[in-house]
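Residues per chain, in single letters:
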Amino acid sequence: MLQSFRDNLKGTVAIILVGLICIPFALFGIESLFTQNPTTQPVAEVNGEPITRIELDQAVQIQKRQLIAQLGDNLPPEFLSDERLRQPVLESLIQRKALIQAADKSGLAASEQQLNSIIVDSPDFKIDGEFDNNRFIQALRTTGYTVSGYKSLLSEEVTLNQFSVAVGQTNFALKQEVDFLTALGLQTRDFDYVLLKRDDFLASVEASDEEIQAYYDENQLNYLSPETITIEAIELNAQDLVADFEVDEETLLAEYDIEIATYQATTQRRASHILLDPSLDTYNDTLDTIQSRLDAGEEFSVLAKEFSQDFGSKENGGDVGYTSGESFVSEFEDALLELEVGQVSSPVLTDFGIHIIKLTAIEDKPAPTFEEMRFELVQRLKQTEAEARFIDKSEALADLSFNVSDLSTVAEDLELTLWTSEPFTSAGGVGLAGNAEIVNAAFNEELIGSGRSSDIISLGDDSSVVIRVTSHTPEAVMPLDDVKDSVAESVKQAKSSELLAQQSEEVLAKIKSGEDFSELATAMEYKLEEARDIQRQNVELSRELVEGVFGLAKPADAPIVDKVELTSGDIALVSLSSVKAGDLTSVSEQELAAVNAQLGQAFGNSDLTNIRQAIVAAANVE
């Protein structure tokens, strides 16, 4: 019942919370923990503490990467300019610095144990799921950090989050507030309405040539033809270069011999297991029972079906298939490696529980035959040849196409196809013109103005393109004759809207003067619609209509009559007759508790916003 209301509240809370809690991470991300230690002159000071140019430059680069990750090829290049990003990034750095200072003054800090735990748990420093100190040290060296410097920055991030949580979770909602807001969310309204449609007036209006000309002159920005270009292009694709390449048998055999000479045979072990949960009270008794029945000679598979809690394998007698040493967790693999075929292990503890493991088979995988490897060898040799040809031809393409005003001779010399596009806009076209990198390059002013070829555009490891703009049509106002029908329709729509607004005001005036809404609607041949017990979350009626009705005051002695303008251009005349408070008896204690928690969180986040703004405003920034 309160789901929609709670969802709306969650959305607001989430926006506030993310906007505040993410102060330490939104700008910097986890990458901020791997930037070099800045040492240059400050670009700003916050309460005497500097923000250096290196900090600012690095933060700008991080912001660029985040924008590219979020928007990809849809991001206009000008959005990534240093000039556009520098000021907002600097402001964020200033806010962050002021908040760190405030958190320090509040006595908040991260313990050494807490920092060590974060480092050990970070996937960036793990190998095969385990923390690796060498990997950790190497990562710090690569980014120019000492261990102490890294921990200092990590401590700042933790402290900032502690500050946000400490402030954001100290507020609460009163019972009266919870009840009031819940009842408000469940409120229902009864109203009648008629829909006055703009299209009903279209047949009665005309657009004169003078009106069309005047509207066209006043709204020319609505009638612009987009900027378009056409290009010619040469694409170099590695795979196309080896379409006719045949690998002879002698070369294949030689490659196979090399493969076999370096081949390392693998041993695969087949395992079955019984998985138990050691937290159960019956664990010890179950383990004893399994052990005694195994000692008595009972089949392992029978016991697995009876006792194993691995529901994926128990019906197969505990069989989990073959492994070459990498399929299972390390504890399982280590225990399996110690067993002989048919032998059963002692209980083995892993994150999944206790395993009793049986090695059921060992199989040495022989080297593959020539025929088994034929396809792989052919593809490998083709790929090697493709890479070599691609490098040679890429160099030739770059040399021959450098600053030329005609790509046709280049295509002939390299025996490649010259591709020409249809006119396309900055939104892209078809074929190569649908690639964002090519579109961005093609709409470069220098390339358009010079008529010369572009530099090589890489579309991946095995594809390169060079282009030349062959024609350019700037954005321009379309002639009136080309858009006259569209302009005339807009004029008629505008005149219809004026007539509709006039009639709606006349009808409203009559109702407010005492005429009956229902009788007036019937007399004017409008269809009167009745809406009863409508909630805010109603999805059957127009969203704009519902919001408009819930924006009206509660009726006193007589219905409230008003109009609601819809984005379709239509107008709804509404008569609100009653407003009924939500019934709290229909709301469970769990739902009220959820509203209470979210209100407290919303209030706390509001406090956090205000405190953050006050801290930044009070900071001495130079």
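The numbers attached to residues start from 1 for each chain and follow its sequence in the written order. Given that this is a predicted model, residues contribute local features only at a pLDDT of at least 70 and side-chain atom pairs are listed and counted only at 80 or more, while totals for whole chains, interfaces and linings are drawn from all residues. Remark: hydrogens and water are excluded; side-chain values derive from all non-hydrogen atoms of the structure.

## A short note on the overall build of the protein
Point 1. Counting its secondary structure elements, the protein contains 21 helices and 18 strands.
Point 2. Between the two quantities, the radius of gyration covers C-alpha atoms and the globule rule is 2.2 Å times the number of residues to the power 0.38. Expected size for 622 residues packed as a compact globule is a radius of gyration near 25 Å; at 37 Å, the protein overshoots this value by more than 25%.
Point 3. Expressed along its principal axes, the backbone C-alpha trace of the protein runs to roughly 100 × 80 × 60 Å.
Point 4. For each residue, the accessible area found with a 1.4 Å probe, counting protein chains only, is set against the maximum for its type, and the residue is called buried under 20%, exposed over 50%, and partly exposed in between. When burial is assessed residue by residue, the protein has 38% of its 622 residues classed as buried.
Point 5. Only heavy atoms enter the contact rule, under which two residues are in contact if any of them lie within 4.5 Å. In the protein, the share of contacts with a sequence separation of at least 24, taken over all contacts with a separation of at least 6, comes to 72%.
Point 6. A 1.4 Å probe and the Shrake-Rupley method give the accessible areas. Residues count as covered only by the protein chains that appear here. By element, 49% of the accessible surface of the protein is carried by carbon and sulfur atoms, the whole surface being about 35400 Å².
Point 7. In this tally Asp and Glu are treated as negative and Lys and Arg as positive; neither His nor the chain ends contributes. By convention, charge coordinates are those of NZ in Lys, CZ in Arg, CG in Asp, or CD in Glu. Once the 45 positive and 110 negative side-chain charges of the protein are each reduced to a mean point, those two points are 6 Å apart. By definition, any uninterrupted DSSP run of H or I lasting at least four residues is a helix, any uninterrupted run of E lasting at least two residues is a strand, and each is numbered from the N terminus.

## Description of the sheet that holds strand E5 (residues 188–196)
Two pairing modes exist for strands in a sheet, parallel and antiparallel, and in both the strands are linked by backbone hydrogen bonds.
Point 1. A pair of strands is labelled paired if DSSP reports no fewer than 2 bridges between them. Here four strands make up an open sheet; going across it, the order is E16-E5-E18-E17 and the pairing antiparallel. At either end of the open sheet lies a strand with only one pairing partner, and these are strand E16 (529–535) and strand E17 (560–565). Mean inter-strand twist for the sheet, computed between neighbouring axes without regard to direction, equals 30°.
Point 2. Bridge count between E5 and strand E18 (residues 571–580): nine bridges; the pairing is antiparallel. The axes used here are C-alpha line fits, helices contributing only the stretch in contact, and every angle between their N-to-C directions lies in the interval 0 to 180 degrees.

## Considerations on the packing of aromatic side chains
Point 1. For Phe, Tyr and Trp, where Trp contributes only its six-membered ring, two rings pair if their centres lie within 6.5 Å, and the inter-plane angle classes them as stacked under 30 degrees, edge-to-face over 60, or tilted in between. Within this structure, the stated rule accounts for five aromatic pairs.
Point 2. For the ring pair tyrosine 216 and tyrosine 223, a centre distance of 6.2 Å and an interplane angle of 35° mean the geometry is tilted. Summarising the burial analysis for this pair, tyrosine 216 and tyrosine 223 share the class buried.
Point 3. Judged by centre distance (4.6 Å) and plane angle (50°), the rings of phenylalanine 328 and phenylalanine 332 are tilted.
Point 4. Phenylalanine 332 sits in the buried class, given a relative accessible area of 4%.

## Some points on the pattern of salt bridges
Point 1. Between Lys or Arg on one side and Asp or Glu on the other, a salt bridge is scored when a side-chain nitrogen of the former is within 4 Å of a carboxyl oxygen of the latter. Applying the stated criterion across every chain, the model contains 23 salt bridges.
Point 2. The partner of glutamate 505 in a salt bridge is lysine 563, with the nearest N and O atoms 2.7 Å apart. You can see glutamate 505 sitting in helix H18 (residues 480–512) and its partner lysine 563 sitting in strand E17, a full 58 residues away along the chain.
Point 3. Judged by relative accessible area, which is 41%, glutamate 505 ranks as partly exposed.

## Observations concerning the sheet that holds strand E14 (residues 463–473)
Point 1. With antiparallel pairing, four strands are arranged side by side in an open sheet as E12-E7-E14-E13. Taken across any chain shown, the strands that pair with only one partner, and hence form the sheet edges, are strand E12 (418–420) and strand E13 (457–458).
Point 2. The strands touched by helix H14 (residues 370–400) within the sheet are strand E7 (228–237) and E14, with E7 carrying the most contacts at an inclination of about 145°.

## Observations concerning the pairing of strand E8 (residues 266–276)
Point 1. When E8 meets strand E11 (residues 353–365), the two strands line up antiparallel, connected through eleven bridges. For alanine 271, the partnering residue across the bridge sits in E11 and is leucine 359.

## Quick notes on empty space enclosed by the protein
Gaps left between atoms show up when a probe the size of a water molecule is rolled over them.
Point 1. Method remark: on a 1 Å grid restricted to protein atoms, a set of points is classed as a cavity if a 1.4 Å probe fits but cannot get out and as a pocket if it is open with protein on both sides within 12 Å along at least five of seven lines; lining residues have an atom within 4 Å of a point. Grid points are joined across faces, edges and corners, and a volume is the space filled by probe spheres set on the points. According to the stated counting rule, one finds two cavities of 30 Å³ or more in the structure shown.
Point 2. In this structure, the second largest cavity is lined by Val194, Val507, Ile511, Phe517, Leu520, Ala521, Met524 and Tyr526.
Point 3. Among the secondary structure elements, those contributing two or more residues to the lining of the second largest cavity are H18 and helix H19 (517–523).
Point 4. Top element by residues in the lining of the second largest cavity is H19. It accounts for three residues.
Point 5. Lys, Arg, Asp and Glu make up the charged group, whereas Ala, Val, Leu, Ile, Met, Phe, Trp, Tyr, Cys and Pro make up the nonpolar group; the residues left over, Gly among them, are polar. Here the residues of the lining of the second largest cavity sort into eight nonpolar, no polar and no charged.

## With respect to the packing of helix H9 (residues 209–218) against H18
Point 1. Contact geometry for H9 and H18: axes closest at 9 Å, N-to-C directions at 100°. The angle between H9 and H18 places the two elements in the roughly perpendicular class. Contacts between H9 and H18 involve Asp209, Glu211, Ile212, Gln213, Tyr215 and Tyr216 from the former and Leu480, Val483, Lys484, Val487, Ala488, Ser490, Val491 and Lys495 from the latter. By definition in this entry, angles of less than 35 degrees are roughly parallel, angles greater than 145 are roughly antiparallel, angles of 65 to 115 are roughly perpendicular, and the rest are oblique.

## Here we look at H14
Point 1. Here the expected length of a helix is defined as 1.5 Å per residue gap, with one fewer gap than residues. The terminal C-alpha atoms of H14, which comprises 31 residues, lie 43 Å apart, in line with the 45 Å expected from a rise of 1.5 Å per residue.
Point 2. In this analysis the local bend is the angle between axes fitted, respectively, to the seven residues ending at and the seven residues starting at the residue. By the largest-angle criterion, glutamate 376 marks the main kink of H14, which is about 30°.
Point 3. Tucked inside the fold, the buried residues of H14 contact E7, helix H10 (249–261), helix H15 (408–414) and E14.

As far as function goes, none of this settles anything; it's purely spatial.
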